[in-house]
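Working through the structure, step by step
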Amino acid sequence: MGKWKWTVDAFVNPPDKVMKMFDAVLELVSEKAELTSLKVQDITTRAGIGKGTAYEYFDSREDIILFALLYDYSKKIQRLQQRFQKQDSFQEQCYLVMDWLVENGEYNSSFLHMLHWIFRDGDPCMEIQQKIPEEIFGAMEGFLLNECDAMLERAYQDGAIKETDVIKRRLAFGKLIMEVIFTQAPGPGQKYFQMDFNKMKDHAYNSLLKELS
């Protein structure tokens, strides 16, 4: 990944020049810039730094865009976590996750679309694992899994669920997320299945309780 060593801390708190490049990419994306024709020069010019500086940190424009997108997404997840920790019950936490998925539905869809563009015909999940330093990928993956596991363990301790198998808990919660995505979270310019969101949340939550009890 360029000549500079990427670490978890560096990803969470990027160097000033990297942050300028990230901001530039995100500004260009928000302005609907055509990613297929976006050049490193376009990014560095917007960032106000020299083109050669980009290659001190990244190997290609795809890497700059990928890390900028992942950094932006990680910030959204962190903000969700802050809201998440303020909820008092398992139900409130589940409903918050469902609300967040719908609130960010278009963003999530666009994010996945851009990942597919970056990796062309490859598998984005596999490609990301190969591109991102293992330390960073492990921290990101661990954060998501640990938060999910901690929430479900609290639900177990509070008596909301009875399932003790961690994998079954994760799979059941994953089903809840997929139900929201397929019924409510919009893709670019569309919605999949229109239905009352509050009723859908109640149904998804009750189905989760049933499966885990």
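Residues numbered from 1 in each chain as written. Predicted model: local features only at pLDDT ≥ 70, side-chain atom pairs only at ≥ 80, totals over all residues. Heavy atoms only, no water.

Notes on the overall build of the chain
Helix and strand counts for the chain stand at eleven helices and zero strands. Counting helices and strands in the order they occur from the N terminus, the chain gives α-α-α-α-α-α-α-α-α-α-α. Sequence-distant contacts, at least 24 apart, represent 67% of the contacts inside the chain between residues at least 6 apart. Per element, the accessible surface of the chain, about 11900 Å² overall, is 52% carbon and sulfur. (Helix = DSSP H or I, 4+ residues; strand = E, 2+ residues; numbered from the N terminus. Contact = heavy atoms within 4.5 Å. Areas by Shrake-Rupley, 256 points an atom, 1.4 Å probe, with all protein chains shown as cover.)

Some words on the pattern of salt bridges
Under the counting rule described, the total for this entry stands at nine salt bridges. We note a salt bridge from E103 to R83, for which the minimum N-O separation is 3.4 Å. On the criterion of sequence distance, the pair formed by E103 in helix α6 (residues 90-103) and R83 in helix α5 (residues 61-84) is long-range, its members being 20 residues apart. Given the relative accessible area of 52%, E103 is considered exposed. With a closest N to O distance of 3.0 Å, E211 and K175 form a salt bridge. (Salt bridge = Lys/Arg side-chain N within 4 Å of Asp/Glu carboxyl O. Buried < 20%, exposed > 50% of the residue type's maximum accessible area, 1.4 Å probe, protein only.)

What about the side chain of S74?
Within the secondary structure layout, S74 lies in helix α5. Its relative accessible area of 16% is what places S74 among the buried residues. In this structure the side chain of S74 is engaged in a polar contact, spanning 2.6 Å, whose partner is the backbone oxygen of Y71. (Polar contact = N/O pair within 3.5 Å; in protein donor to acceptor, adjacent residues only side chain to side chain.)

Thoughts on the packing of aromatic side chains
The final tally for this structure, using the stated rule, is six aromatic pairs. Look at F22 and F58: their rings are 6.2 Å apart centre to centre, the planes differ by 50°, and that puts the pair in the tilted class. One end of the pair, F22, is in helix α2 (residues 16-30); the other, F58, is in the loop between α4 (51-54) and α5, with 36 residues separating them in the sequence. Note on accessibility: F22 and F58 belong to one class, buried. Measuring from centroid to centroid gives 5.3 Å for F22 and Y71, while their planes differ by 35°, and the two rings are tilted. Of this pair, F22 sits in helix α2 while Y71 sits in helix α5, and the two are 49 residues apart along the sequence. Judged by relative accessible area, F22 falls into the buried class, the value being 0%. An aromatic cluster of three or more residues is present, and its members are F22, F58, F67 and Y71. (Phe/Tyr/Trp six-rings, centres within 6.5 Å; stacked < 30°, edge-to-face > 60°.)

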